[in-house]
Amino acid sequence: MTLGIVAALHEEVADLLAEMAPGAHVEHIGMRDYHVGKLHGHPCVIVLARIGKVAAAATTTALIHRFNVDEIVFTGLAGGLAHGLSVGDVVIADTLVQHDMDASPLFPRYEIPLLGRATFDTTPVLRDALAQAARDWLASEMTTQVSATLRAKFQMTAPRVHVGQIASGDRFVSSVQEVDRLRDALPAALAVEMEGAAVAQVCHEYDIPFAVMRTLSDAADDDAYVDFARFLREVASHYSHGVLRRFLMAKPA
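Residues numbered from 1 in each chain as written. Predicted model: local features only at pLDDT ≥ 70, side-chain atom pairs only at ≥ 80, totals over all residues. Heavy atoms only, no water.

If you look the protein up in an unreviewed UniProt entry, it shows as adenosylhomocysteine nucleosidase from Pandoraea fibrosis. Its UniProt record, at the heading Pathway (unreviewed entry), says of the protein: "Amino-acid biosynthesis; L-methionine biosynthesis via salvage pathway; S-methyl-5-thio-alpha-D-ribose 1-phosphate from S-methyl-5'-thioadenosine (hydrolase route): step 1/2." (UniProt positions renumbered as here; feature names shortened; annotations may be inferred.)

In structure tokens form, the structure reads like this:
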């Protein structure tokens, strides 16, 4: 079983790449480097998709066709949508929707034309394993990996794991008005990002098991850009590495 691990930004997989580096090799396809090797005894392909739905879909398709991956996990950052979520929380997708898909009046809003559906379900066994790995990491390692100073800066008091809908679109949501609009339009959505639903659609069409994990870096509001780079570098990178390491260590050989 080969696992494809995908992220939009380098920092989200940098530690995983360093860990896999001994014995791994790189294949350059379509302006992307696919790192092929093993992590904790499991064959893996790690790739930086870059930002946006088209980039994510192209990368996912290559993983399936060129590398014959059996399952895919996407990891990265997101903005929180639902009330009660906090910076540092983890959202594991149970369904994903493209919030900018609107082919009406030919098709209902959000529905993918000719597929007859607006949402895509993640694979329960992968979703549940990823959620458990996130809970375990938050409970046992997060405070040793993310300093008290950083936790205070980003007001990370007691990060939690949430399982629910994630909305994706080719737009960085960064205003209260946009958040309110999305909350009204998609009341089930917990978080918003720019790639996950595209991965979900490709995996659905190719019948590939997949899961999506997002660390909340902000509330997708007017302050969404504040210290994003530092959070990505000094917080989110530890989340991705720590949670996926636990995920792989618990995964049957």
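Text resumes after the structure shown.
Now for the pairing of strand β5 (residues 71–80). Side-chain direction in a regular strand flips from residue to residue, so the side chains alternate between the two faces of the sheet. By the criterion of burial, β5 is predominantly enclosed, with 10 of the 10 residues buried. Here 2 bridges tie β5 to strand β9 (residues 189–193), and the two strands are oriented antiparallel to one another. Its bridge partner being in β9, Gly80 is matched across the sheet by Ala191. (Buried < 20%, exposed > 50% of the residue type's maximum accessible area, 1.4 Å probe, protein only. Helix = DSSP H or I, 4+ residues; strand = E, 2+ residues; numbered from the N terminus. Pairing = 2+ DSSP bridges.)

Regarding helix α6 (residues 176–185), the residues found buried are Glu178, Val179 and Leu182. The buried residues of α6 occupy an angular sector of 100° when projected down its axis, which confines them to one face. Looking at α6, the residues exposed on the side facing more than 90 degrees away from the buried face are Gln177 and Asp184. Tucked inside the fold, the buried residues of α6 contact β9. (Arc of directions from axis to C-beta. Contact = heavy atoms within 4.5 Å.)

This part is about the nonpolar core. Taken as a class, soluble globular proteins show a tendency for nonpolar side chains to be buried jointly. Core analysis: the largest hydrophobic core is formed by 38 residues, its most contacted members being Ile5, Leu130, Tyr239 and Phe247. Listing elements by their share of this core, those giving two or more residues are β1 (3–7), α1 (14–20), β4 (42–48), β5, β6 (90–98), α3 (124–140), β10 (210–218) and α8 (228–250). At 9 residues, α8 tops the list of elements feeding residues into this core. Those residues in contact with Leu130 that sit more than four places away from it in its chain are Val73, Ile92, Ala211, Val212, Met213, Val243, Leu244 and Phe247. Ranked by size, the runner-up nonpolar core spans 34 residues in total, among them Val6, Val45, Val91 and Ile166. (Core = buried A, V, L, I, M, F, W, Y, C linked by side-chain atoms within 4.5 Å.)

To continue, consider the pattern of salt bridges. Within this structure, the stated rule accounts for 13 salt bridges. Residues Asp100 and Lys53 are paired through a salt bridge, measuring 2.8 Å at the closest nitrogen-oxygen approach. Here Asp100, found in the loop between β6 and β7 (119–121), pairs with Lys53, found in helix α2 (residues 53–67); they are 47 residues apart in sequence, far enough to count as distant. A residue is classified by how much of its surface remains accessible, and Lys53, at 12% relative accessible area, is buried. For Glu141, the salt bridge is made with Arg245, and the minimal N-O distance between the two is 2.6 Å. (Salt bridge = Lys/Arg side-chain N within 4 Å of Asp/Glu carboxyl O.)

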